[in-house]
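Coordinate inspection notes
Residues per chain, in single letters:
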Amino acid sequence: MGGCFSKPKPGTSLELKIEVVLPEKERGKEELLASGKGSPRAYQGNGTARHFHAEERLPTPHPYPGAQDCVEAAVCHVKDLENGQMREVELGWGKALLVKDSGEFHALGHKCPHYGAPLVKGVLSRGRVRCPWHGACFNISTGDLEDFPGLDSLHKFQVKIEKEKVYVRASKQALQLQRRTKVMAKCISPSAGHSGSTNVLIVGAGAAGLVCAETLRQEGFSDRIVLCTLDRHLPYDRPKLSKSLDAQPEQLALRPKEFFRAYGIEVLTEAQVVTVDVRNKKVVFKDGFKLEYSKLLLAPGSSPKTLSCKGKEVENVFAIRTPEDANRVVRLARGRNVVIVGAGFLGMEVAAYLTEKAHSVSVVELEDTPFRRFLGQRVGRALMKMFENNRVKFYMQTEVSELRAQEGQLKEVVLKSSKVVRADVCVVGIGECVGGRSGPLSPPRALDLLRQMMQTNIPGVFAAGDAVTFPLAWRNNRKVNIPHWQMAHAQGRVAAQNMLAQEAEISTVPYLWTAMFGKSLRYTGYGEGFDDVIIQGDLEELKFVAFYTKGDEVIAVASMNYDPIVSKVAEVLASGRAIRKREVETGDMSWLTGKGS
């Protein structure tokens, strides 16, 4: 974990800044305690107290509902579907996804629980269906979520064949819910005493932290879990902040507070960890509270970079980090002049959202094309044209030299090109600093993991999310840092599995997306260092697929209005098959757009 821990002074704790290497004899597999010593505790963090109990359970459909709670219908003839085909079928109380694979029929929920994508338009391969929008994967035999994003699984319905007809029987409630939360253990730790210790401490309550906690419960772990966050909110969908700036915290929440109560997952809000003593397995919070742990997950996320120019302290200059940031930006931007610094994903998403609300939207970018390093010049220019057609003004190959204020509030942005741009609001989206906003938990570079098991070189300490570099299996174990929402989910699960000594390794293929002006761009793979881009389709019409190659190999793919091409490529890469440049140069993509394998 180079760059993450500081050298200890005699008799003092260890701060997370540079590497600590313990003697080999101290490195052994540690089992989590069989009986919990911790208990739920109310933590007062800057005036916010949260005390969640484990007595409640969320209502879930009964696994064996009575006849009056079910519906059954003949949905097709056995010969209506070929192997590898999927179909939505109507059951009166809702739809189901009917799948035929290897001669067997399966019936599942028909919508992806993440954002509601129709799975019938997804990809069926290797006994699972992959969402066409964001790449989540579900086992067709169980409905279980096998790859991310999202938290919930699909309901699995009964199928029977009678007189060459296929019948599906389903719970009415399950048909309407279209999502299933996996069975989880309850916390059985005693309710009093030992409040200064926990079995698992998770620093950071983003996707990695939450999935780690949920996976532990799904695997039957019933001891104390404490999740701490600098945010004032329970875990929420952070990628939505820049796509829907009006969204309120309750609309963004990944789980309701009742969920945390039901499963005994304690959340300490506005809680800053300042010191981690790895030898004594103890953390110290900013207010002096100390908490011992058996296993520790470091998932502090990242924090936005800030401007260093003259006038950086003026009012109405924002980095979109919290729902409050996003809400304030959209409120102040209505009918006003907005300048966005940075033409990456966050900046461009904010620009797209504000065009119909602000008087003017301008984007300042150091490169000559938006997204150039990530998507290449040709795709970047096509997207730039879409923005210009929506009244967005670009100032490229320049930087901000000064922010000018009137009575303390922003009025002008001065560029190094000497251009002066009117601005009432400025949003800064120039990248992220890995390591989050947690004081000594803010290393100068990412936490370096030695293996795909999300374990650090310190026994009992794991890391996940934006702040880690790890070996990417399908890129020959190249060390990478991938600050994607989907990847954080996968890392959180693997960390939890290895806390339980399951010897799991991360093998997911990166998958991300963005939405601008009602159009979605999807991307899979790891394209850093690409040396060529092969475009199929029509860039002008924004209906295309772009293959990013390095040498003879396709290393990433992006598309717009070409579903489910990206999900299909993700499945091919996940299967271990390499895609060669010559395969995509011809324009014949039948090998990708078939009915599945």
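- The chain carries the name Apoptosis-inducing factor 3 in an unreviewed UniProt entry, which gives Microcebus murinus as its organism.
- Turning to the chain, the UniProt annotation filed under Sequence similarities (unreviewed entry) states: "Belongs to the FAD-dependent oxidoreductase family."
- UniProt annotates the chain under Function (unreviewed entry) with the comment "Induces apoptosis through a caspase dependent pathway. Reduces mitochondrial membrane potential."

Here we look at the overall build of the chain
- When you go through the chain residue by residue, the secondary structure sums to 11 helices and 37 strands.
- The buried share of the chain, reckoned over its 597 residues, is 57%.
- Nonlocal contacts in the chain, meaning residues at least 24 apart in sequence, comprise 64% of its contacts between residues at least 6 apart.
- Total accessible area computed for the chain in this model is approximately 25100 Å², and 45% of it derives from carbon and sulfur atoms.

Observations regarding the environment of Ala 488
- With respect to the helices, strands and loops of the structure, Ala 488 is situated in helix α9 (residues 485–499).
- Judged by its relative accessible area of 8%, Ala 488 falls in the buried class.
- Expressed as a C-alpha distance, the spacing of Ala 488 and Leu 210, which sit 278 residues apart in the sequence, is 9.8 Å.

Digging into helix α2 (residues 207–218)
- The terminal C-alpha atoms of α2, which comprises 12 residues, lie 16 Å apart, in line with the 16 Å expected from a rise of 1.5 Å per residue.
- Three or more residues of α2 are buried, namely Ala 207, Ala 208, Gly 209, Leu 210, Val 211, Cys 212, Ala 213, Glu 214, Thr 215, Leu 216 and Arg 217.
- In this fold, the buried residues of α2 make contact with β13 (197–203), β14 (225–228), α4 (257–262), β15 (265–268), β18 (290–298) and α9.
- Positive backbone phi, at 95°, marks Gly 220, one or two positions downstream of α2.

Observations concerning the sheet that holds strand β5 (residues 95–101)
- Here six strands make up an open sheet; going across it, the order is β3-β12-β11-β6-β5-β4 and the pairing antiparallel. One side of each edge strand has no neighbouring strand; the edge strands of this open sheet are β3 (70–77) and β4 (85–90). Put simply, the sheet's adjacent strands are angled 30° from each other on average, direction ignored.
- Pairing geometry for strand β11 (residues 156–162) and strand β12 (residues 165–171), over five bridges, is antiparallel. Bridge pairing in β12 places Val 159 opposite Val 168.

Definitions and cut-offs
Residues numbered from 1 in each chain as written. Predicted model: local features only at pLDDT ≥ 70, side-chain atom pairs only at ≥ 80, totals over all residues. Heavy atoms only, no water. UniProt positions renumbered as here; feature names shortened; annotations may be inferred. Helix = DSSP H or I, 4+ residues; strand = E, 2+ residues; numbered from the N terminus. Buried < 20%, exposed > 50% of the residue type's maximum accessible area, 1.4 Å probe, protein only. Contact = heavy atoms within 4.5 Å. Areas by Shrake-Rupley, 256 points an atom, 1.4 Å probe, with all protein chains shown as cover. Expected span 1.5 Å × (residues − 1). Pairing = 2+ DSSP bridges. Axes fitted to C-alpha atoms, helices over the stretch in contact; angles between N-to-C directions.

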